[in-house]
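Listed here are the chains, written in short residue letters.
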Amino acid sequence: MAQFDTPVVTDAGAKLMAQVLSGSSKIEFISLSIGDGEYTTEQKQDSELRARTALKNQRMSFPFSSVTITDGINVCLKAVVSNENVTESFYIMEMGLWARDAADETSTPILYSIITASAGDYLPVYNGS
């Protein structure tokens, strides 16, 4: 069974959130990415993860199927992770949430948050079912 560590908001994600709180920006969550990059204990330190701008080895990305506010204070992001295009099985060892400043049409997506795994989820090659 997969064992994921505590998610960490990146420096870029914290900056975007500060801009949202100041009223100068609006956040748009873009996608969930998964990868098989493995992290050392040192690389899993919050300060190291906050500085990341990409996953170590992103394998796939999926759009969010819904973004809703739950209980008035939490955001629920839903994405369907499919193995339909997987040609080589791998373990999901890292995931990232990508967002952009929707108030700026020229903004590019940033790695908003990252989560690493101590034991990843196995994503097998697609077998047609």
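Up top you'll find the structure we're talking about.
Residues numbered from 1 in each chain as written. Predicted model: local features only at pLDDT ≥ 70, side-chain atom pairs only at ≥ 80, totals over all residues. Heavy atoms only, no water.

**Student:** Talk me through helix 1 (residues 11–22); I want residue IDs and the actual numbers.
**Tutor:** Residues that lie three or four places apart on an α-helix share one face, since the helix turns once every 3.6 residues. Taking 1.5 Å per residue, 12 residues should reach 16 Å; helix 1 reaches 17 Å between its end C-alpha atoms and fits that length. Positive backbone phi, approximately 90°, marks glycine 23, located one or two places after helix 1. (Helix = DSSP H or I, 4+ residues; strand = E, 2+ residues; numbered from the N terminus. Expected span 1.5 Å × (residues − 1).)

**Student:** Break down the pattern of salt bridges for me, with residues and values.
**Tutor:** Counted under the stated rule, the structure contains 3 salt bridges. A salt bridge links aspartate 5 to lysine 44, with the nearest nitrogen and oxygen atoms 3.0 Å apart. Here aspartate 5, found in the loop between strand 1 (3–4) and strand 2 (8–9), pairs with lysine 44, found in the loop between strand 3 (27–35) and helix 2 (46–50); they are 39 residues apart in sequence, far enough to count as distant. Take aspartate 5: its relative accessible area is 25%, and that puts it in the partly exposed class. In this structure, the salt-bridge partner of glutamate 28 is arginine 100, at a minimum N-O distance of 2.9 Å. Residue glutamate 28 is located in strand 3, and its partner arginine 100 is located in strand 6 (residues 90–101); the two are separated by 72 residues in the primary sequence. The exposure class assigned to arginine 100 is buried, which follows from its relative accessible area of 19%. (Salt bridge = Lys/Arg side-chain N within 4 Å of Asp/Glu carboxyl O. Buried < 20%, exposed > 50% of the residue type's maximum accessible area, 1.4 Å probe, protein only.)

**Student:** An account of the side chain of glutamate 94 is requested, with residue identities and associated values reported.
**Tutor:** Relative to the helices and strands, glutamate 94 is located in strand 6. Comment: no salt bridge for buried glutamate 94; closest opposite-charge side chain is arginine 52, at 5.6 Å. Here glycine 37 takes part through its backbone nitrogen, which lies 2.9 Å from a polar atom of the side chain of glutamate 94. A distance of 2.8 Å separates a polar side-chain atom of glutamate 94 from the backbone nitrogen of asparagine 57. Excluding residues that lie within four positions of it along the chain, glutamate 94 makes contacts with Ser33, Ile34, Gly35, Asp36, Gly37, Tyr39, Leu55, Lys56, Asn57, Gln58, Ile115 and Thr116. (Lys, Arg positive; Asp, Glu negative; His and termini not counted. Polar contact = N/O pair within 3.5 Å; in protein donor to acceptor, adjacent residues only side chain to side chain. Contact = heavy atoms within 4.5 Å.)

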